[in-house]
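Fold and geometry: a report
These are the residues of each chain, in order.
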Amino acid sequence: MNSFRFDHVIVGAGIIGLSTAFELLTRDVPAASIAVIDPAPVSGATRAAGGMLAPVAEIQYKQEPLYPLMVESGALFPEMLRRLSGYTSQETGYRTESTFVVAADRADATHLMELTDHQHDHSLHVQRLPLRHARAAEPALNPQLAGVVHIPGDHQINPSMYSATLLQVLRQTGVSLIDDTVTHLDCTFDEEGAVRHCHRVESDSAYFEVGASVYMCNGLGTSSVTGWYPAKELSPLKLRPVRGDMIRLRVAEGQEPPVGRVIRAFVEDRPVYIIPRTDSTIAIGATSREDMRTAPAVDGVFALLRDAIRIVPALEECEIIEITTGDRPGTPDDLPYLGLAGDNLVISTGYFRHGILLSALGAHAGADLGITGKTDFHISACDPYRHCDQRRKDLP
Ligand SMILES: Cc1cc2nc3c(=O)[nH]c(=O)nc-3n(C[C@H](O)[C@H](O)[C@H](O)COP(=O)(O)OP(=O)(O)OC[C@H]3O[C@@H](n4cnc5c(N)ncnc54)[C@H](O)[C@@H]3O)c2cc1C
């Protein structure tokens, strides 16, 4: 087996691992001391994601601990992207037009107004908008819609472009990007059996001695890496795949995209969103299903297209480029697992439906923990051990 030594070893090159590596880099951690290990970078949830940076529209009832994290992370993006633009002129697909959320019928309008009240109760910025004002801004909206709200602060980024740009910057600055699968962490444990320190990362073909910290940013793969808990079924992380189908369209040659901002909708209580990209393509998403179909599901894709066309009829004239399915790394309470195990093992996974939005906060807090062992971000609700009774290695 080959053996290497790095100060900072990041497992996983999805949006969380890449952003964390970039954050370390911009805190003057030498690029040569950082390794990112992944057999297939950007092959997980990040590849399929919509990329909405939507701390307001995305809130769901009874997930209050998540709201401030989403707002805080959304606010970190402009500065993070400003730093990224210091390294490259490559695009990220970041767009700051506001978002419209629309209701297809009267029942959907009631739902939308109740949600708006809930957003107001949490001091989130949402405005009800007369349909004629919405159609003045977006003439392709169906004139029969039953309600519209305007969310000025919900933006978007293109996850494929953004991750490609992060990868390019990491590569060009000399961060080691290693194509390999991590299998095991060599850790020491205290007398109570709790993990104390991770000193070596093992992959299919090499050992990586760790000078400073290890960052577990490998989404659904995190529970399969052994060594920091007793056995697979005893992983403290309760991760599960929540599938999502996404459709990509392009407008026919010579035509303009029918909408100029993210349009989210409720159609007979089903959510759908339409995202116009900087490259003139359009993404329509997303289903949410926990079934065995790993490829795009016919019923879900059919419903997405039908509902999106009901909201913006001109979408009918577009061409389909691709349909993808990704697995969100789901957790029981929708909150990520973000915190320390021992003194140098950063767990940063389980970002579920909001990983693109939360990647900025995840990267900042992860880098804080890896460099100093603490962070000022209020992430106690994200404790990686919150779904198990004990931190001990030896207890069943
Ligand atoms: C259809 C869909 C739409 C979405 N839309 C949005 C949205 O609009 N806004 C939003 O904020 N979020 C959205 N999400 C959620 C978001 O995509 C995820 O939360 C986020 O991508 C998680 O990123 P990650 O880096 O943790 O995981 P992933 O992107 O899954 O990356 C994990 C990486 O780890 C690697 N890996 C796994 N095991 C190992 C191992 N043992 N060793 C080394 N590497 C390993 C994998 O190869 C992979 O590259 C959406 C998700 C889906 C599926």
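Because the structure is predicted, anything quoted here is derived from the model rather than measured. (Residues numbered from 1 in each chain as written. Predicted model: local features only at pLDDT ≥ 70, side-chain atom pairs only at ≥ 80, totals over all residues. Heavy atoms only, no water.)

**Brief notes about the nonpolar core**
With 70 residues, the main nonpolar core has Ile10, Phe22, Leu25, Ile34, Tyr162 and Ile379 as its most contacted residues. Shared between two domains, this core takes at least three residues from each, and those domains are domain 1 (2-49 + 161-238 + 332-382) and domain 2 (99-152 + 241-330). Other than its neighbours up to four places away in sequence, Leu25 contacts Ala31, Ile34, Tyr87, Val169, Leu170, Thr173 and Val175. Counting residues in each nonpolar core, the second largest holds 28 residues, with Ala35, Cys198, Ala206 and Ala341 among its members. (Core = buried A, V, L, I, M, F, W, Y, C linked by side-chain atoms within 4.5 Å. Buried < 20%, exposed > 50% of the residue type's maximum accessible area, 1.4 Å probe, protein only. Domains from an automatic or database assignment. Contact = heavy atoms within 4.5 Å.)

**Focus: the site of the ligand**
If you check the shell around the ligand, you find 39 residues, and the closest are Asp38, Thr46, Met52, Phe352 and Leu357. Here an oxygen atom of the ligand sits 2.6 Å away from a polar atom, N or O, in the side chain of Asp38. Residue Thr46 places a side-chain N or O atom 2.5 Å away from an oxygen atom belonging to the ligand. Taking 1000 Å² as the accessible area of the ligand by itself, protein coverage stands at 94%. For the shell around the ligand, the secondary-structure elements that each account for two or more residues are α1 (15-25), α2 (45-48), β12 (240-250), β16 (319-330) and α8 (355-372). Partitioning the shell around the ligand into residue classes produces 20 nonpolar, 15 polar and 4 charged. Looking at which domains feed residues into the shell around the ligand, each of domain 1 (2-49 + 161-238 + 332-382) and domain 2 (99-152 + 241-330) gives three or more. (Near = heavy atom within 4 Å. Polar contact = N/O pair within 3.5 Å; in protein donor to acceptor, adjacent residues only side chain to side chain. Areas by Shrake-Rupley, 256 points an atom, 1.4 Å probe, with all protein chains shown as cover. Helix = DSSP H or I, 4+ residues; strand = E, 2+ residues; numbered from the N terminus. Nonpolar A, V, L, I, M, F, W, Y, C, P; charged D, E, K, R; others polar.)

**Observations concerning the sheet that holds strand β5 (residues 127-128)**
Across the sheet, which stays open at both edges, the 8 strands sit in the order β5-β6-β4-β13-β14-β15-β12-β16 with mixed pairing between neighbours. The sheet is open, and its two edges are formed by β5 and β16, each paired on a single side. Note: β12 against β16, 11 bridges, orientation antiparallel. What sits directly across from Arg240, in β16, is Gly330. Most of the contacts of helix α7 (residues 298-311) go to strand β14 (residues 270-276), to which it runs at about 70°, and overall it touches β4 (99-103), β12, β13 (262-267), β14, β15 (281-285) and β16. (Pairing = 2+ DSSP bridges. Axes fitted to C-alpha atoms, helices over the stretch in contact; angles between N-to-C directions.)

**A look at the domain arrangement of the chain**
According to the domain assignment, the chain contains domain 1 (2-49 + 161-238 + 332-382) and domain 2 (99-152 + 241-330). Just the C-alpha atoms count here: the centres of domain 1 and domain 2 sit 33 Å apart. On the side of domain 2, 14 residues touch domain 1, which itself brings 12 residues to the contact. Buried area between domain 1 and domain 2, both sides added, is near 1100 Å², and the carbon and sulfur share of it is 62%. Counting the surface domain 1 buries against domain 2, the share from its top three residues, Ala48, Leu220 and Phe352, is 46%. Connecting domain 1 to domain 2 are 0 salt bridges. Between domain 1 and domain 2 we count 3 residue pairs in polar contact (both at pLDDT 80 or more) in total. Broken down by element, the side of domain 1 that touches domain 2 gets its largest block of residues, 3 residues, from α2. (Buried area = accessible area lost by both parts, 1.4 Å probe. Salt bridge = Lys/Arg side-chain N within 4 Å of Asp/Glu carboxyl O.)

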